[in-house]
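Inside the fold
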Amino acid sequence: MLEIRPNCENCNTLLPNDSDNAMICSFECTFCNECVSTILQNVCPNCGGGFQKRPTRPVNCLTGNCVEKYPIGKRKVFKPVESNKFKVILKTFMNIEPRKR
Ligand SMILES: [Zn+2]
Ligand SMILES: [Zn+2]
């Protein structure tokens, strides 16, 4: 189950549950769309994987699987990209399509 983390790991922009701007990798490293498309170039600095748009957890509790029972994450991860370290990761992964990494 996703934590639905509250912010972009790189620029700290808030990414609430209903944000259309939140992107995640398979480990749920969470970044805003701007950071993913500009700085990260669709390469996760923590794992090298690609990103997809994060889904929104329903607020409607008809099914019981909703934000009331499974609250939105409050744990902030703020770990701006270190450009020297990231250079190597970017170079390794950027020219391989995400499904083949
Ligand atoms: Zn960002
Ligand atoms: Zn990752």
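One can find the structure itself at the top, above this paragraph.
Keep in mind the model is a prediction, meaning the values are calculated, not measured. (Residues numbered from 1 in each chain as written. Chains lettered and ligands numbered in written order. Predicted model: local features only at pLDDT ≥ 70, side-chain atom pairs only at ≥ 80, totals over all residues. Heavy atoms only, no water.)

1. Remarks on the side chain of Arg57
Formally: Strands are runs of DSSP state E lasting at least two residues, helices are runs of H or I lasting at least four, and both sets are numbered from the N terminus onward. Each residue is placed in one exposure class: buried if its accessible area under a 1.4 Å probe, protein chains only, is under 20% of its type's maximum, exposed if it is over 50%, and partly exposed if it falls in between. When charges are counted, Lys and Arg contribute as positive and Asp and Glu as negative, whereas His and the chain ends are disregarded. Salt-bridge detection follows one rule: a side-chain nitrogen of Lys or Arg within 4 Å of a carboxyl oxygen of Asp or Glu. As used in this structure description, the phrase polar contact means that two N or O atoms lie within 3.5 Å; if the pair is within protein, one of them must be able to donate a hydrogen and the other to accept it, and residues adjacent in sequence are counted only when both atoms belong to side chains. Two residues qualify as a contact provided that any one of their heavy atoms is within 4.5 Å of a heavy atom in the partner residue.
With respect to the element layout, Arg57 can be found in the loop between β3 (52-53) and α2 (83-93). Notably, Arg57 is buried but unbridged: the nearest opposite-charge side chain belongs to Glu28, and the N-O separation is 6.7 Å. Here Tyr70 takes part through its backbone oxygen, which lies 3.0 Å from a polar atom of the side chain of Arg57. For Arg57, the contacting residues outside a window of four places in its chain are Met1, Leu2, Ile4, Asn17, Cys66, Val67, Tyr70, Pro71 and Ile72.

2. What about the side chain of Glu28?
Note that Glu28 resides in the loop between β1 (22-24) and β2 (30-32). Despite its burial, Glu28 pairs with no opposite charge; the closest candidate is Arg5, at 4.7 Å N-O. Contact partners of Glu28, with chain neighbours within four places excluded, come to Leu2, Glu3, Ile4 and Arg5.

3. Points about the packing of aromatic side chains
Stated formally: Only rings of Phe, Tyr and Trp enter the pairing, Trp through its six-membered ring, and a pair is recorded when the two centres are within 6.5 Å. The plane angle decides the type: under 30 degrees is stacked, over 60 is edge-to-face, the rest tilted.
For the structure on display, the rule yields one aromatic pair. Taking the centre distance of 5.5 Å and the plane angle of 85° together, the rings of Phe31 and Phe51 count as edge-to-face. Linking Phe31 in strand β2 with Phe51 in the loop between α1 (33-37) and β3, this pair joins segments that are 20 residues apart in sequence. Residue Phe51 is classed as buried on the basis of its relative accessible area of 6%.

4. Quick look at the pattern of salt bridges
Enumeration according to the criterion identifies four salt bridges in this entry. For the salt bridge of Lys53 with Asp20, the shortest nitrogen-to-oxygen distance reads 3.2 Å. Taken together, the positions of Lys53 in strand β3 and Asp20 in the segment before β1 put the pair 33 residues apart, joining distant regions of the chain. The class for Lys53 is partly exposed, based on a relative accessible area of 47%. You can call Asp20 exposed: its relative accessible area is 57%. Measuring nitrogen to oxygen at the nearest pair gives 3.7 Å for the salt bridge that ties Glu82 to Lys85. By relative accessible area, which is 56% here, Lys85 ends up exposed. Bridged by salt links that share partners, the residues Glu3, Arg5 and Arg75 form one connected network.

5. Concerning the coordination of the zinc ion (ligand 1)
Our working rule: Metal coordination here is assigned from N, O and S atoms located within 2.8 Å of the ion, or within 3.2 Å for Na, K and Ca; omission of water means that sites may look incomplete. A site with four donors is called tetrahedral when every donor-metal-donor angle falls between 85 and 135 degrees; four donors are called square planar, and six octahedral, when opposite donors sit more than 155 degrees apart and all other angles fall between 65 and 115; any other arrangement is irregular.
For the zinc ion (ligand 1), every protein donor is listed as Cys8 (SG), Cys11 (SG), Cys32 (SG) and Cys35 (SG), and the spread of their distances is 2.3 to 2.4 Å. For the zinc ion (ligand 1), the four donor atoms are set out with angles of 101 to 121° between them, so the coordination reads as tetrahedral.

6. What about the environment of Gly50?
Structurally, the position occupied by Gly50 is in the loop between α1 and β3. Spatially, the C-alpha atom of Gly50 lies 7.9 Å from that of Arg99, the residues being 49 residues apart in sequence.

These values are about where atoms sit, not about what they do.
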